[in-house]
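Here is how the chains run, residue by residue.
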Amino acid sequence: MSRLKRKIAPYLLVLPGGLWLLIFFAVPMIAMLSLSLQEGDIVAGYRFTGHWQNYTDSLSAYQTQLIRSLIYGAVATILLIAIAFPMAYWIAFYGGRRKGTYLFLTLLPFFVSFVLRTLSWQQILADEGPVLSPIRDLGLVGPAFHILGTPVAVIGGLVYNFLPFMVLPIYVALERIDPRVVEAARDLYANPIITFRKVVFPLALPGVFAGVLMTFVPASSDFVNSEVLGSSETTMIGQVIAAQFLDNSDYPTASALSFVLMVVLLIGVFTYARILGTEDVMKVAAR
Amino acid sequence: MTAQTLQRPPAPDADAAARIRPRRRFTGRGLLHAYTWLIIAWLALPILVMIAFGFNDTPGRYNTSWVGFTFKWYAPDQLFLYPDLTDALILSLVIAIVASLVSGALGTGIGYALGRYRFRGAGSFNLLMFAAISSPELIMGASLLSLFVSLGTGVGPVTIAIAHIMFSISFVAVVVRSRVMVLDRSIEEAAADLGASPWTTFWKVTFPIILPAVMSGVLLAFALSIDDFIVTFFTAGTYETFPIWIWGATRVGIPPQVNVMGTLIFAVGVLGAIIANVRSRSGQRTR
Amino acid sequence: MAASHNVDPSLLRGLTQRRFGRRDALRLSGLAGMGAALAACGVQGRGTQAPASAEPDAVAKFWAGKAKNGKVDFANWPLYMDPKRPELAKFTKETGIKVNYQEVIQEMGPWFAKVQPQLTAGQSIGFDLMVITNSFQFSQFRDSGFLAPLDHAKLPNYAKNAGAAYKKEEFDPGNAYSIPWASGMTGIAYDRKKTGRDITSLADLWDPEFKGKVGMFSDVQELGNFGLLALGINPKGSTEDDWKKAADHLKKQKSAGIVRNYYDQSYIDRLGSGDVWLTQAWSGDVFQKNISDNKDFKFVIPKEGGTIWTDNMTIPITAQNPVDAITLMDFFYEVGNASALANYINYVCPVPAAQPQMRTDAGKLTGEDQDAMLAVANSKLVFPTAAEYSKLHYYVSFEATSEQQKFQKTFEPIVLG
């Protein structure tokens, strides 16, 4: 009796939340797949006809935006690693008693609404805003120079908004490294650069891996940064999907694009996990 | 070098690390220190701008150029001037509370089961959660809208809450699972030996131990919910949460009230975090 | 982990915990079977298009047995009424009807998408009165049969006070389904200090001298119609070929780097921040922007012509309180109320008699308040003259949804780049 109870206990515990995930996460994906194969228009209604041309049509129409989004996501992720690593490194090894405070300061943006902080950047980076006005007055840039509406502004916004997601996992990984190991390595290699490359960085990799997962996917599917800080030249696939869904009520096109985006991102994530996912890295990560 | 050789007690002592480190690397360290503060300043910049413009004495509907200093937007009759903005803020709070409590309960069930038991299907379940955490928000929102559109149900506060619970469950579960995994079973066994029923054991012994993890899961869910824009954008229908209202207002000019509310939310969040930090520190001291 | 109270590292750890192989992918696809039942579903539409003009007895049919309920739910755009809602308080005082006013409409497309499922299912959308623009979606609403035909016997003030131009609008002949809330002109706004000369023509938007400093609208109707007008083509009766020509003209403007970006209403902020010097613009915004920022931006209707659009009060077919709604609609056509509204909105007022009324009201005020109100009363942007009306065109109108989709597909690539 008690054994039976033990057997069904986990299922009972998992059931309510599991059903919720199944109904509102997995099933909607199916609904979306179905929508992506429908035909019609919003007034007459859409009917399921297995119209796979939605995929080819929308891809040929919006491949530029899709590729651009992946590039922006990748560039932002690489910049994030470059920017976050030294910071996480310093906090983990030299933060001392104030580690908590530094991490807290890293998290500051999260206390302000995502939309609001992005709009704030729009104000700061404006052509006659507090950044550009002085450097233009100094003659450092020409009168036509601008940041808003360029890929620089959009990628900058992505990097800003997702930085904490990169700093924290790298910090967690670095923080687990025993300083004595580093010390021993230094005695052996004696060169701080080699020590870093051979010891610190490999041990931090799981953190970088988690950081990439947490930033690349949301960055390449984002539509707020490009909408607020970009221009028609920086349109990302997220904006196209949102516009097709909400402005044009073109559900089939929007669903087809969503599906393509998800598949591309998932393939990316899985491949990435394959390449970097050596057992050692995973074991360290699992601790 | 395998992962096993690196095993060491958790919670490395950072001060010890600093002590071991030779002083000769002071310059690099100083540079990193300055760099960290530079990044923190960069992170804080848009927040400062937001706060500043809550004190801007703008005479009209737009609040983008600095006119003069005023406290007037903080007066209740000014702060709550836009009934829809106030309603949106209240809706955001209500949904965040509901979503964090429900996802807290459901997520704890999953996290506990996954951490405590080995059962068939646990692997699939982990995968489902991984997929839910790493799926682009855009896709979750769009697919949920597909579902609701396909079913012909409307969208509104209920669907927002459903969506928020959906994406929060996995986060809560992951947090709780990691705490349950390191749980000392012998305490539970001791309770059982003393004649406590499994039910009593759970509530009197296990639950208090995992409570901090449950709490941090709930808080995380609250934070995810109250700031969510992308998923809400798709599932809100004719209703507006705080971020959605701001998004809409960008078209007609964001009134200073938004800056003030943003500032107040920021202040409450920061204060709450500091209090929690201080309390848990003093808790550790007395232990 | 004393250091990191703010983030639970286990969360981050959780993300890196497992490795996923082919088996997992198979499991995930097994999950997919769960939702197969849904695959057969479609999105309900109306099936057939309703006739553009209502059947003769449609009005009687809809209004039969409808009575005043003492409340009305009103959906409008943000900042389209004084936030203290003095007009609504007055309405409640006069009629006893309580108004639940919500600023929930931000764009037409999303709004249509949001209420379409409920309207198709014949359910209430929670609103009895909604203000919608004469864009694509107006015809979508009308053709789907989502709008209640108006009983003009219940609109005496409208009959008496509405300007003649607002009684013969092409998008809703005979005002069968809608009466205007406010109207606006689309022209060019510019910063005289930066352009260095007065802007008079649509050709100025194509002038390489302003490279990177020109703003255009992202709304395809606005963009497309300006493209047509710039080529001297009347939007009314324009053909698919004309659209292609206009799109090519707009593409040239874009590829020459003249256009900084395609904006929604945020263009006005961009004008204020100097990102653009001249831009496609709506009449009411410039007025407000000048007051807010103490600037002197100009607004002009180009000599080739501009467009006029109207935001319209309509009653959704599933309204719970239509009688209360139509009472409120008519209330806004009392001259005093129209004048009060226009004084806040600063867009074109559909009630010409509000102009003398506003001048009279201003006479009772003093100082800055008086100046401000007189400025509105005397503004050609709020009360255009006959000469100005003659330069304004309605958007291209479409016979069928397919035609509208063609128009959309012609101009959309320009905006989405």
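Remember, predicted model here, so these are calculated numbers, not experimental data.

Visitor: Break down the overall build of chain A for me, with residues and values.
Guide: Assigned secondary structure in chain A consists of 12 helices and two strands. Counting helices and strands in the order they occur from the N terminus, chain A gives α-β-β-α-α-α-α-α-α-α-α-α-α-α. Overall size of chain A, expressed as C-alpha extent along the three principal axes, is 80 × 75 × 35 Å. Looking at chain A residue by residue over its 287 residues, the buried ones come to 58%. For chain A, long-range pairs separated by at least 24 residues make up 70% of all intrachain contacts whose partners lie at least 6 apart in sequence.

Visitor: Run through the overall build of chain C, naming residues and quoting values.
Guide: Counting its regular elements, chain C contains 18 helices and 11 strands. Counting all 417 residues of chain C, 51% fall into the buried class. The long-range fraction of contacts in chain C, counting pairs at least 24 apart against all pairs at least 6 apart in sequence, stands at 78%.

Visitor: Summarise the packing of helix H5 (residues 108–120) of chain C against helix H6 (residues 136–143) of chain C; cite the residues concerned and give the values.
Guide: Residues and elements named next belong to chain C. Running from amino to carboxyl end, H5 crosses H6 at an angle of 20°, the nearest separation of the two axes being 9 Å. Taken together, the axis directions place H5 and H6 in an arrangement best described as roughly parallel. Of the two elements, H5 crosses H6, and the hand of that crossing is left-handed. Every residue of H6 that contacts H5 at Met 108, Gly 109 and Phe 112 is listed here: Gln 137, Gln 140 and Phe 141. For the contact of H5 with H6, the class distribution of residues is three nonpolar, three polar and no charged.

Visitor: Can you lay out the interface of chain B and chain A for me, pointing to particular residues and giving the numbers?
Guide: Taken together, the contacts link 74 residues of chain B with 77 residues of chain A. In terms of residues, the side of chain B that touches chain A owes the most to one element, helix H2 (residues 26–52) of chain B, which gives 14 residues. The residue inventory of the side of chain B that touches chain A, partitioned by class, reads 54 nonpolar, 15 polar and five charged.

Visitor: Could you give an account of the confidence of the model for chain C, naming the residues involved and the relevant values?
Guide: Residue and element names in this part refer to chain C. Taken as a whole, chain C shows an average pLDDT of 84; of its residues, 87% reach a score of 70 or greater. Low confidence marks residues 1–40, where pLDDT is under 50. Its contacts with residues over four positions away, or in another chain, come to 83 contacts. Contacts from residues 48–52, a stretch scored under 50 in pLDDT, to residues over four places away or in other chains number seven contacts.

Visitor: Let's hear about helix H9 (residues 220–230) of chain C: which residues, and what values?
Guide: All names here are of chain C. When you tally the buried positions in H9, you get 11 out of 11 residues, the bulk of the element. Within the sequence span of H9, burial applies to Val 220, Gln 221, Glu 222, Leu 223, Gly 224, Asn 225, Phe 226, Gly 227, Leu 228, Leu 229 and Ala 230. A positive backbone phi angle near 75° is found at Gly 232, which sits one or two residues after H9.

Visitor: Could you give me a rundown of the pairing of strand E4 (residues 129–133) of chain C, with the residues and numbers involved?
Guide: Residues and elements named next belong to chain C. Burial of E4 is extensive: five of the five residues sit out of reach of the surface. Every second residue of E4 is oriented toward a common face, with Leu 129, Val 131 and Thr 133 on one face and Met 130 and Ile 132 on the other, all of them buried. Alignment of E4 against strand E10 (residues 306–314), held across four bridges, turns out to be antiparallel. Bridged to Val 131 within E10 is Met 313.

Visitor: Could you give me a rundown of the confidence of the model for chain A, with the residues and numbers involved?
Guide: Per-residue pLDDT for chain A has a mean of 85; in total, 94% of the residues score no lower than 70. Per-element confidence in chain A ranges from a low mean pLDDT of 37 for helix H12 (residues 279–286) of chain A to a high of 93 for helix H2 (residues 53–94) of chain A.

Visitor: Tell me about the nonpolar core, and name the residues and values.
Guide: In terms of nonpolar packing, the biggest core is built from 279 residues, with Ala 88, Ile 170 and Tyr 171 of chain A together with Leu 129 and Leu 223 of chain C touching the most fellow members. Looking at this core element by element, the count peaks at 17 residues for helix H6 (residues 151–175) of chain A. Each residue touching Ala 88 of chain A, except ones within four places of it in the same chain, is listed here: Val 167, Ile 170, Tyr 171 and Leu 174 of chain A.

Visitor: Explain unusual backbone geometry to me, and be specific about the residues and the numbers.
Guide: Most peptide bonds are trans, and most residues other than glycine sit at a negative phi. Residue and element names in this part refer to chain C. Positive phi, normally seen in glycine, also occurs at Arg 85, with a value near 55°. With respect to the helices, strands and loops of the structure, Arg 85 is situated in the loop between strand E2 (71–75) and helix H4 (86–95). Using a count of 14 C-beta atoms within 10 Å as the deciding quantity, one classes Arg 85 as partly exposed. Even without being a glycine, Asn 175 presents a positive backbone phi close to 50°. Note that Asn 175 resides in the loop between helix H7 (156–161) and strand E5 (178–190).

Visitor: Go over the environment of Ala 60 of chain C with me, naming the residues and quoting the values.
Guide: All names here are of chain C. Structurally, Ala 60 is set in helix H3 (residues 58–63). Given 11 C-beta atoms within a 10 Å radius, Ala 60 is considered exposed. Separated by 90 residues in sequence, Ala 60 and Leu 150 place their C-alpha atoms 9.6 Å apart.

Visitor: Summarise the packing of H2 of chain A against H6 of chain A; cite the residues concerned and give the values.
Guide: Residues and elements named next belong to chain A. Packing of H2 against H6 leaves a shortest axis separation of 6 Å and a crossing angle of 40°. As far as their axial angle goes, H6 and H2 are oblique. Both H2 and H6 take part in a crossing whose hand is right-handed.

Visitor: Any details on the pairing of E5 of chain C? Residues and values, ideally.
Guide: Residue and element names in this part refer to chain C. Counting buried residues along E5, 13 of its 13 residues qualify, which places the element largely inside the surrounding structure. Pairing geometry for E5 and E10, over eight bridges, is antiparallel. Among the inter-strand pairings, Pro 180 is bridged to a residue of E10, identified as Asn 312. As judged from the five bridges shared by E5 and strand E8 (residues 278–282), these two strands associate in the antiparallel manner.

Visitor: Break down the domain arrangement of chain C for me, with residues and values.
Guide: By a widespread convention, an interface's size corresponds to the accessible area lost as its parts come together. All names here are of chain C. Here chain C is described as being made up of domain 1 (62–184 + 309–382) and domain 2 (186–307 + 392–416). Taken over C-alpha atoms, the centre of domain 1 sits 27 Å from the centre of domain 2. Contact with domain 1, which involves 14 residues of that partner, is made by 14 residues of domain 2. Classifying every residue of the side of domain 1 that touches domain 2 gives seven nonpolar, six polar and one charged.

Visitor: Could you give an account of the environment of Pro 256 of chain B, naming the residues involved and the relevant values?
Guide: All names here are of chain B. Here Pro 256 shows up in helix H12 (residues 256–286). On a C-alpha basis, the gap between Pro 256 and Tyr 74 in space is 9.5 Å, while along the polypeptide they are 182 residues apart. Once you skip the residues sitting within four places of it in the chain, Pro 256 turns out to touch Phe 53, Gly 54, Asn 56, Thr 58, Asn 63 and Trp 73.

Visitor: Help me get a handle on helix H8 (residues 192–220) of chain A, residues and values and all.
Guide: For H8 of chain A, with 29 residues, the first-to-last C-alpha span of 35 Å runs short of the 42 Å given by 1.5 Å per residue. Along H8 of chain A, the sharpest change in direction is near 45° and occurs at Phe 201 of chain A; proline Pro 202 of chain A comes one to four residues later.

Visitor: Give me the lowdown on the environment of Phe 114 of chain A, citing residues and values where you can.
Guide: Mapped onto the secondary structure, Phe 114 of chain A falls in helix H4 (residues 114–125). In this structure the C-alpha to C-alpha distance between Phe 114 of chain A and Val 172 of chain A, which are 58 residues apart in sequence, comes to 24 Å. Every residue in contact with Phe 114 of chain A, bar those within four places of it in the chain, is listed here: Asn 161 and Val 224 of chain A together with Asp 227, Phe 229 and Pro 243 of chain B.

Conventions used here
Residues numbered from 1 in each chain as written. Chains lettered and ligands numbered in written order. Predicted model: local features only at pLDDT ≥ 70, side-chain atom pairs only at ≥ 80, totals over all residues. Helix = DSSP H or I, 4+ residues; strand = E, 2+ residues; numbered from the N terminus. Buried ≥ 20, exposed ≤ 12 C-beta atoms within 10 Å, placed from the backbone. Contact = placed C-beta atoms within 7 Å. Axes fitted to C-alpha atoms, helices over the stretch in contact; angles between N-to-C directions. Parallel < 35°, antiparallel > 145°, perpendicular 65-115°, else oblique. Left-handed = near helix turned anticlockwise from the far one by under 90°. Nonpolar A, V, L, I, M, F, W, Y, C, P; charged D, E, K, R; others polar. pLDDT = per-residue confidence, 0-100. Pairing = 2+ DSSP bridges. Core = buried A, V, L, I, M, F, W, Y, C linked by C-beta atoms within 7 Å. Domains from an automatic or database assignment. Expected span 1.5 Å × (residues − 1). Bend = angle between axes of the 7 residues up to and from the residue.

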